[in-house]
Amino acid sequence: MAIDQPEDFTRICQLWQEIRDGLDDEWREELDWSYGKRVNTGTWAWDPIIKKLPAEKADRLGDVLNGPVFSCKGYEWPVHDGFPMVPIIQLDLKRCGEIGGVDLGSGLLQVWMGHGLFMGEDAYIRVIPAALVSNENLLPIPKIDPNINAFVPIDWALDEEHQIYDSGFAQQITGYKPRRFTTQLKHTIQDNFKINNVTSDEGISEKLKEFDKLIKANKKKWSPSNCHLFGTFYDIQYRADERDTPLFCFDSDYGIEWGGGTAQVFYKLNSDGGVSFSFDWSCF
C-alpha cells in the first residue's frame, strides 16, 4: 500500500501529536477516543470504473460487482438452503495487489451471500486458484429463483417480468480511476468540544484551531463515500481500527443499499505469508 499522503494530512498528523503532548491525561484520553483512532485511518483508494451490461455479456473471469462470477469443477456455484447463493463481488487478487502495492497472492476472490437474514459473518468467501481460471473451465450460471430473499439485487439473473429494480444489468469493473485519499476523520474538534474547555494553553489552542481548519478544508475531498478498492469507510457500528485492512469498501451506491449503511471486504496478511479475508456490513 502506498505510504505517501497529502501534505495537509501530514500536517494534521503532526498537529495531533503536538496537541496530545500538550493536554492533561483526562482530555488526552477523551480526544484519543474521538479522534486518535481516526487520525490513523488516512489511506488511498481507487474508485472502480463500472460498465453495465447484460449478464451474458459479462466477463466472468474479471472483476465483477453485482453480476455473474466464475465457477468451475471443484469450485461450483455454491448453494445455501437448496438455492444458488448470490455473489456480492469478484476480484482478481493479483491485479488488486499491483494497484495497492501489497502482495495479496493470486486467483479470484469471491464473496457470496445466502438467503434470509444476512449478517456479515454469514458471508461465504473463497479464492479460486488462478490456474483454474479459464473460459474452457467455465460452468454455466445456474437458474436463480426470483422468490429467494436476497440482500443484494439479483435483477441481472432474472427475466424482465421478475426484476425488482428494473435493472437487468450486471456491473463489470473494467478498471480503476486514479487514486484518491480517504479518511474517517471528518468532524472538527470544535464540532464536539469547546476549545477553552480542552486547554488553557494558548499555543495548544492555536494548534487545535489549525487542526480543525485543515479537517474542514479537506473533509469533502477525503470522504470515504462511494465504492472503492482499498481506502477506508464511514464508521457506523465499528471503526477501522476494530477490523482488518479494507480491500474493497461498499457505500450505498451501485445498486447495493446495505440498509442505508456500508460494507467492506477485509484482508489480513498472516505470519505464515498467507492472506485471509473477511466481510462485514453495518447500517444506522
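Look a little higher up for the structure.
Residues numbered from 1 in each chain as written. Predicted model: local features only at pLDDT ≥ 70, side-chain atom pairs only at ≥ 80, totals over all residues. Heavy atoms only, no water.

**Things to note about helix α1 (residues 7–21)**
Condition: Strands are runs of DSSP state E lasting at least 2 residues, helices are runs of H or I lasting at least 4, and numbering of each runs from the N terminus. Between the first and last residue of a helix there are one fewer steps than residues, each counted as 1.5 Å, and that sum is the expected span. Throughout this description, buried means an accessible area under 20% of the type-specific maximum (1.4 Å probe, protein chains only), exposed means over 50%, and partly exposed covers the range between. By arc we mean the arc of the directions from the helix axis to the C-beta atoms, nothing more. Throughout, a residue-residue contact means that at least one pair of heavy atoms, one from each residue, lies within 4.5 Å.
With 15 residues, α1 should reach 21 Å at 1.5 Å per residue; the first-to-last C-alpha distance of 22 Å fits that figure. Those residues of α1 lying buried are Phe9, Ile12, Leu15, Trp16 and Ile19. Each buried residue of α1 lies within a common arc of 115° when the element is viewed along its axis, so the set occupies one face. The exposed residues of α1 that point more than 90 degrees off its buried face are Glu7 and Asp21. Each element contacted by the buried residues of α1 is listed here: α2 (25–39), β10 (180–182) and α5 (202–218).

**Some words on the sheet that holds strand β6 (residues 86–92)**
Keep this limit in mind: DSSP-based pairing: two strands are paired if at least 2 bridges between them are found. Here, axes are lines fitted to C-alpha atoms. For helices the fit covers the stretch in contact, and angles between N-to-C directions go from 0 to 180 degrees.
The sheet built from six strands is open, its strands ordered β2-β9-β3-β6-β7-β8 with antiparallel pairing. Of all the strands in the sheet, just β2 (48–54) and β8 (124–128) have a single pairing partner and so form its edges. Geometrically, the sheet is characterised by an average inter-axis angle of 30° between neighbouring strands, direction not taken into account. Pairing geometry for strand β3 (residues 63–65) and β6, over two bridges, is antiparallel. Within β6, the position partnered with leucine 65 by the bridge is isoleucine 89.

**Thoughts on the packing of aromatic side chains**
We apply this condition: Any two of the Phe, Tyr and Trp rings considered here, Trp counted by its six-membered ring, make a pair once their centres fall within 6.5 Å; the pair's planes then place it as stacked at under 30 degrees, edge-to-face at over 60, or tilted in between.
According to the stated counting rule, one finds 15 aromatic pairs in the structure shown. The interplanar angle of 35° and the centroid separation of 5.8 Å between the aromatic rings of tryptophan 16 and phenylalanine 211 together place this pair among those described as tilted. Taken together, the residues span a long stretch of sequence, with tryptophan 16 in helix α1 and phenylalanine 211 in helix α5 at a distance of 195 residues. Note on accessibility: tryptophan 16 and phenylalanine 211 belong to one class, buried. Pairing phenylalanine 230 with tyrosine 267 gives two aromatic rings, centres 6.2 Å apart and planes at 85°, and the pair type is edge-to-face.

**Describing α2**
Residues lying three or four places apart along an α-helix face the same way, a consequence of the helix completing one turn every 3.6 residues. Our working definition: A residue's bend is given by the angle between axes fitted to the 7 residues ending at it and the 7 residues starting at it.
The principal kink in α2, of about 55°, is found at aspartate 32. Those residues of α2 lying buried are Trp27, Leu31, Ser34, Tyr35, Gly36, Arg38 and Val39. At its buried positions, α2 is contacted by α1, α4 (195–198) and α5.

**Quick notes on the side chain of aspartate 212**
Positionally, aspartate 212 belongs in helix α5. Sequence-distant contacts of aspartate 212, that is, excluding residues within four places in its chain, are made with Thr188, Ile189 and Gln190.

**Description of the sheet that holds strand β13 (residues 262–269)**
Strand order in the open sheet formed by six strands is β10-β1-β11-β12-β13-β14, and the pairing between neighbours is antiparallel. Each end of this open sheet is capped by a strand with a single partner; those strands are β10 and β14 (275–282). Pairwise comparison of adjacent strand axes, ignoring direction, gives a mean angle of 30° for this sheet. By the bridge criterion, eight bridges tie β13 to β14 in an arrangement that is antiparallel. In the strand pairing of β14, tyrosine 267 is matched with phenylalanine 277. Running over the sheet, helix α3 (residues 93–100) touches β1 (43–46), β11 (228–230), β12 (245–250) and β14 and is turned about 75° from β11.

**A short note on the pattern of salt bridges**
Let me state the cut-off plainly: Each salt bridge in this description consists of a side-chain nitrogen of Lys or Arg and a carboxyl oxygen of Asp or Glu lying within 4 Å of one another.
In total, this model carries twelve salt bridges according to the counting rule given. Aspartate 235 serves as the salt-bridge partner of arginine 38, at 2.6 Å between the closest nitrogen and oxygen. A residue pair is termed long-range when its members are at least 10 positions apart, and arginine 38 in helix α2 and aspartate 235 in the loop between β11 and β12 qualify at 197 residues. Residue arginine 38 is classed as buried on the basis of its relative accessible area of 17%. Accessibility expressed as a relative area gives 14% for aspartate 235, which makes it buried. Between aspartate 235 and lysine 186 there is a salt bridge, and its shortest N-O distance comes to 3.0 Å. Taken together, the residues span a long stretch of sequence, with aspartate 235 in the loop between β11 and β12 and lysine 186 in the loop between β10 and α4 at a distance of 49 residues. Sharing partners across several salt bridges, the network here consists of Arg38, Lys186 and Asp235.

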